[in-house]
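# Reading the structure
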Amino acid sequence: MLANDALSVKSSPKAEPALGEMRLEVVVLSVTDIARAAKFYRTIGWREDGDLTKDGYRLLQFTPPGSACSIILSTAASGISPAKFLHLVVADVQTTRVELLEKGVEVSEIFHDETGGYNPFSVHARSLGLHPGRASYLTFATFDDSEGNSWLLQEVTSRLPGR
């Protein structure tokens, strides 16, 4: 989480990690137009957690609904390529896709790996439509933010053991 005396944080702190735990809590995304990127994430309903301007750069932190992991949009991270295949786990990919489309986001058609496995990364392995049998973890859709960072919607209806 962003930490600074001048930072206004809108979320409450969570319990500290236990010894041996490692939590992914923040992913930094480089942006060229922070106002445009912020508008995109506000439009899709992500919570704005913090805003910091210091030494000529700006950082904005957003959290997707229901997520323990946030993103930081940063103009200070110039030179970093857009992120690819950031996973957003959803309960129903069809409903989520429609909600994003209604908010003006260009979302791919729903697809699955035509070989029956898990390969959402190769466009050559994609077959349009829900995974046959609608198996958990194997149905996807993608979208890009205003800065070219790509997101992968992954439908998870039943978690693997230990998750």
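See the structure above.
Here's what I pulled together on the structure shown here. (Residues numbered from 1 in each chain as written. Predicted model: local features only at pLDDT ≥ 70, side-chain atom pairs only at ≥ 80, totals over all residues. Heavy atoms only, no water.)

Turning our attention to the overall build of the protein. For the protein, the count of helices and strands is 2 helices and 9 strands. Secondary structure elements of the protein, listed N to C terminal, follow the sequence β-α-β-β-β-β-α-β-β-β-β. With respect to the three principal axes, the spread of C-alpha positions in the protein is 50 × 40 × 30 Å. When each of the 163 residues of the protein is scored for burial, the buried share is 40%. Here the analysis covers contacts within the protein between residues at least 6 apart in sequence; of these, 56% occur between residues at least 24 apart. (Helix = DSSP H or I, 4+ residues; strand = E, 2+ residues; numbered from the N terminus. Buried < 20%, exposed > 50% of the residue type's maximum accessible area, 1.4 Å probe, protein only. Contact = heavy atoms within 4.5 Å.)

Another aspect to go through is the side chain of T139. As for its position among the elements, T139 is in the loop between β7 (126-128) and β8 (140-144). From its side chain, T139 meets the backbone nitrogen of H131 in a polar contact 3.0 Å long. (Polar contact = N/O pair within 3.5 Å; in protein donor to acceptor, adjacent residues only side chain to side chain.)

Counting buried positions along strand β9 (residues 150-155) yields 6 of 6 residues, so the element is predominantly enclosed. Every second residue of β9 is oriented toward a common face, with S150, L152 and Q154 on one face and W151, L153 and E155 on the other, all of them buried.

Before going further, it helps to spend a moment on the environment of A76. Mapped onto the elements of the fold, A76 is located in the loop between β4 (70-74) and β5 (86-90). Overall, the relative accessible area of 43% leaves A76 in the partly exposed class. Residues A76 and S30 lie 46 residues apart in sequence; the distance between their C-alpha atoms is 7.5 Å.

Turning to the environment of T75, a few remarks are in order. Residue position: T75 is located in the loop between β4 and β5. The partly exposed category is assigned to T75, whose relative accessible area is 29%. Note: C-alpha distance between T75 and E21 (54 residues apart in sequence) is 30 Å. Among all residues touching T75, those that are not within four sequence positions of it are V31, I34, Y57 and R58. There is a polar contact of 3.1 Å between the side chain of T75 and the backbone nitrogen of R58.

Turning next to the pattern of salt bridges. A pair can form between side chains of opposite charge whenever their charged atoms are brought close. Applying the stated criterion across every chain yields a total of 8 salt bridges. Residue E21 pairs with R23 through a salt bridge whose shortest N-O separation is 3.2 Å. The class for E21 is partly exposed, based on a relative accessible area of 41%. Where salt bridges share partners, they join D92, R134 and E155 into one cluster. (Salt bridge = Lys/Arg side-chain N within 4 Å of Asp/Glu carboxyl O.)

Summed over the entire model, instances satisfying the criterion amount to 10 aromatic pairs. Aromatic side chains F85 and F121 sit 4.9 Å apart centroid to centroid with 80 degrees between the ring planes, which places their arrangement in the edge-to-face category. With F85 in the loop between β4 and β5 and F121 in the loop between β6 (111-113) and β7, this residue pair connects regions lying 36 residues apart in the sequence. On the basis of relative accessible area, F85 is assigned to the partly exposed category, the value being 28%. Arranged with centres 5.6 Å apart and planes meeting at 65 degrees, the rings of Y118 and F140 form a pair that is edge-to-face. One end of the pair, Y118, is in the loop between β6 and β7; the other, F140, is in strand β8, and 22 residues separate them in sequence. Among the aromatic residues, those joined into a ring-pair cluster are F40, Y41, W46, F62, F143 and W151. When the ring centre of F111 is taken as reference, the NZ or CZ atom of R126 above it lies at 4.0 Å. (Phe/Tyr/Trp six-rings, centres within 6.5 Å; stacked < 30°, edge-to-face > 60°. Lys NZ or Arg CZ within 6 Å of the ring centre and 35° of its normal.)

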